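Here are the chains, one letter per residue:
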Amino acid sequence: MIKDGIFFDRRTLELRYQMPVKNIEPFFKGLEEGKIRATKCKTCGSIYFPPQIHCPRCNPGIMEWIDLDGDGKLETFSSIEIAPTSFQNEGKYIVAIGLLKEGVRALAWIDAKESDLRIGKRIRLVARKKDDAFTYVFNLVE
Amino acid sequence: MGNKVAIVGIGHSVFGKRNDVSINELAWESISVALNDSGLTQKDIDFYTVGNYGLWSEEILTAVTVGEYAGLKCGSLKTEAACASGSAALKIAMDSVASGNSRIALAMGVEKMYNSPNSTIIELIGRAGNYFWEFENFGLTFPAYYALHATRYLNDFNAREEDLCEASIKSHHYGAMNKYAQFHKEITLSDCMNSKYVAKPLKIFDSSPITDGSAAVILAGEEEARKITDTPIYIESQGSATGSAYLGKRDDFAGLEASRRAAEIAYKGAGINDPTSQFDLFEVHDCFSIAEVMAYEDLGIARRGEGIKLLKEHQTYHDGKFPSNPDGGLKAKGHPIGATGISQAVEITKQLRGEADPGRQVQVRKGRALQHNVGGTGHYAYVTVYSRRN
């Protein structure tokens, strides 16, 4: 169809990726058990979050899975006012980055009132079930 | 690097919502002008590159479709470095000439964002980070990535949203004088402050728009360049760096570490030991107001936390100490992703030649200009030093 000089495509494309996570299954198993897991290189001690199964520093290095404590502090945050189309049904959400006790940072939603948030406040990263899938979220520690 | 490379021809399309043209027609608007500007023809071009992010427009092999339309048959390559795809295109074309593999090369960028609805664009551009760990669960948007930096910056340096708006006010001031710009209206502080939030603390008027546009430059080696034009603009050096995809791997949110590394390499390559005194012009990557402020600091023309001060004191206006983005920048000129890096190179060439519009032409004393082009949120960084060697 041509309207106002524009040809409207008759072909549509649905993009829905199929992403291999076999090697990081312990992370998702951990979420089911209420744990946030990272990987740690037994050779150099580097901790990886998001978890990855190879240590580029040591090449190869031997990795092990560790449970993160979850305790951390708020480094920055933003309330997303215009969300992507695929998040239209999520309601309003606030994204935060926290520095965890183990020295790694995580990015996740923070479940708190925006007016209560201050950089430097103590937060906790916890596993949670949402829409039949396991994910993780920051909470404010009062 | 072997031979020094110079820009010998430039072309720039009108930026904006260009629903009057196809992507190939839009690319031709700048290629044709660049060819005529240099006095060269397609037969002279030995290699060409096309910076293009795509996805929102239908063609995937844009280097090929653009080449076919424009009568280019030599070797080619499409480059992707997000919003720095244009600088990546420049790099490949420049290296091709510097190595002696090409006598003349063309680097261009084109983006046709309005071939998809806004909702699709917001979705696609929000994925330009670490898709699996950031977007999939947490729905980041492009403004949100920079908003995370803005929150931290305002906190650390006790700055206000009003201060960030100063960058946008300046951009619109110059956009109003640039006939190639998307926006031609000046804005006030209250226009900016009253605009809607997109990702707090960033508002519509802190953000660059969705843009269609193209830009092209033609490159030749030093000796060849002097035969082609009386005003070659030399690329003295280029530095590049790659930041982490996952923002959680960064330990500084009040600046972009990749920009600092790229600048250091570029300064070393061009013998710059004091960026505050050796440039007439800065073209900085101001996709958001906060990005312009961080750029001043990452490039070393302001101390950490003092970028805002440069804006407040009008030191980065065209007649200030550090003229920055006298073309309106990404904010008001527009930000056609893959074309932006080449558009900056075109502006620098115009300025160093002394051919910019009255009211926005900077005074050229040192004959040197700096380009800062960032892809994503410091995911890619390219810093390039240009000179007219007076």
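Residues numbered from 1 in each chain as written. Chains lettered and ligands numbered in written order. Predicted model: local features only at pLDDT ≥ 70, side-chain atom pairs only at ≥ 80, totals over all residues. Heavy atoms only, no water.

*Asks:* How would you summarise the overall build of chain B if you had to cite specific residues and measurements?
*Replies:* Summing up its helical and strand segments, chain B has 14 helices and 11 strands in all. When its C-alpha atoms are laid out on the principal axes, chain B stretches across 55 × 45 × 40 Å. Taking all 390 residues of chain B together, the buried fraction comes to 65%. Surface accessibility of chain B: about 13,200 Å² in total, with carbon and sulfur atoms responsible for 48%. Computing the positive centroid from 40 side-chain charges and the negative centroid from 47, chain B places the two 2 Å apart. (Helix = DSSP H or I, 4+ residues; strand = E, 2+ residues; numbered from the N terminus. Buried < 20%, exposed > 50% of the residue type's maximum accessible area, 1.4 Å probe, protein only. Areas by Shrake-Rupley, 256 points an atom, 1.4 Å probe, with all protein chains shown as cover. Lys, Arg positive; Asp, Glu negative; His and termini not counted. Charge placed at Lys NZ, Arg CZ, Asp CG, Glu CD.)

*Asks:* I'd like a description of the state of the cysteines, backed by residues and values.
*Replies:* For the structure shown, the criterion picks out one disulfide over all chains. Not engaged in a disulfide, the cysteine C58 of chain A finds its nearest cysteine sulfur in C44 of chain A; these two sulfurs lie 3.5 Å apart. No disulfide involves C287 of chain B; its sulfur sits 6.1 Å from the nearest other cysteine sulfur, which is in C83 of chain B. (Disulfide = S-S within 2.5 Å.)

*Asks:* Describe the pattern of salt bridges, listing the residues and the values that go with them.
*Replies:* Per the counting criterion, the structure on display carries 38 salt bridges over all chains. Between R122 of chain A and D71 of chain A there is a salt bridge whose closest N-O contact spans 3.0 Å. Taken together, the residues span a long stretch of sequence, with R122 of chain A in strand 9 (residues 122–130) and D71 of chain A in strand 6 (residues 71–80) at a distance of 51 residues. For R122 of chain A, a relative accessible area of 46% gives the class partly exposed. Here K92 of chain A and E81 of chain A are joined by a salt bridge, their closest N and O atoms 3.0 Å apart. With K92 of chain A in the loop between strand 6 and strand 7 (93–100) and E81 of chain A in the loop between strand 6 and strand 7, this residue pair connects regions lying 11 residues apart in the sequence. What you see here is one network of salt bridges that share partners, running through D252, R260, E297, D298 and R304 of chain B. (Salt bridge = Lys/Arg side-chain N within 4 Å of Asp/Glu carboxyl O.)

*Asks:* Tell me about helix 2 (residues 62–70) of chain B, and name the residues and values.
*Replies:* Residues and elements named next belong to chain B. All of the buried residues in helix 2 are T62, A63, T65, V66, G67 and A70. The inward-facing, buried residues of helix 2 contact helix 1 (23–38), strand 2 (47–51), strand 3 (75–79) and strand 4 (104–112). In the stretch just after helix 2, G71 is the one whose phi turns positive, near 75°. (Contact = heavy atoms within 4.5 Å.)

*Asks:* Summarise the layout of surface pockets; cite the residues concerned and give the values.
*Replies:* It is a probe the size of a water molecule, rolled over the atoms, that shows where empty space is left. Of the volumes computed, that of the largest pocket is approximately 1,400 Å³. Around the largest pocket, the lining comprises 36 residues; the ones closest to its centre are D9 of chain A together with W56, N115, S116 and P117 of chain B. When residues of the lining of the largest pocket are traced back to their parent elements, those giving at least two are strand 2 (6–7) of chain A together with helix 4 (118–126) of chain B. With five residues, the single largest contributor to the lining of the largest pocket is helix 4 of chain B. Counted by class, the lining of the largest pocket contains 14 nonpolar, 13 polar and nine charged residues. (1 Å grid on protein atoms, 1.4 Å probe; cavity = no way out; pocket = protein on both sides within 12 Å on 5 of 7 lines; lining within 4 Å. Points joined across faces, edges and corners; volume = space filled by probe spheres on them. Nonpolar A, V, L, I, M, F, W, Y, C, P; charged D, E, K, R; others polar.)

*Asks:* How would you summarise the domain arrangement of chain A if you had to cite specific residues and measurements?
*Replies:* Residue and element names in this part refer to chain A. Splitting chain A by domain gives domain 1 (22–68) and domain 2 (70–142). On a C-alpha basis, the centres of domain 1 and domain 2 stand 21 Å from each other. Taken together, the two surfaces of domain 1 and domain 2 that pack against each other cover about 950 Å², and 79% of this comes from carbon and sulfur. Area buried by domain 1 at its contact with domain 2 is led by L31, F49 and L68, which between them contribute 55% of it. On inspection of domain 1 and its partner domain 2, the count reaches zero salt bridges. Across the contact surface, domain 1 and domain 2 share one residue pair in polar contact (both at pLDDT 80 or more). (Domains from an automatic or database assignment. Buried area = accessible area lost by both parts, 1.4 Å probe. Polar contact = N/O pair within 3.5 Å; in protein donor to acceptor, adjacent residues only side chain to side chain.)

*Asks:* Just give me the short version of helix 7 (residues 161–175) of chain B, but keep the residues and values in it.
*Replies:* Residues and elements named next belong to chain B. Taking 1.5 Å of rise per residue, the 15 residues of helix 7 would be expected to cover 21 Å, and the 21 Å separating its terminal C-alpha atoms lies within 8% of that figure. Of all 15 residues in helix 7, 12 are buried; the element is thus mostly enclosed. Those residues of helix 7 that fall on the buried side of the exposure criterion are E161, D163, L164, C165, A167, S168, I169, K170, S171, H172, Y174 and G175. (Expected span 1.5 Å × (residues − 1).)

*Asks:* Lay out the interface of chain A and chain B in plain terms, naming residues and giving numbers.
*Replies:* Facing the 36 residues of chain A at the interface are 34 residues of chain B. Linking chain A with chain B are one salt bridge. Between E114 of chain A and K200 of chain B there is a salt bridge whose closest N-O contact spans 3.2 Å. Counting the contacts that link chain A with chain B gives 15 residue pairs in polar contact (both at pLDDT 80 or more). Of all elements in the fold, only helix 1 (25–32), strand 6, strand 7, strand 8 (105–111) and strand 10 (133–140) of chain A reach the threshold of two or more residues within the side of chain A that touches chain B. Looking at the side of chain A that touches chain B element by element, the count peaks at six residues for strand 6 of chain A.

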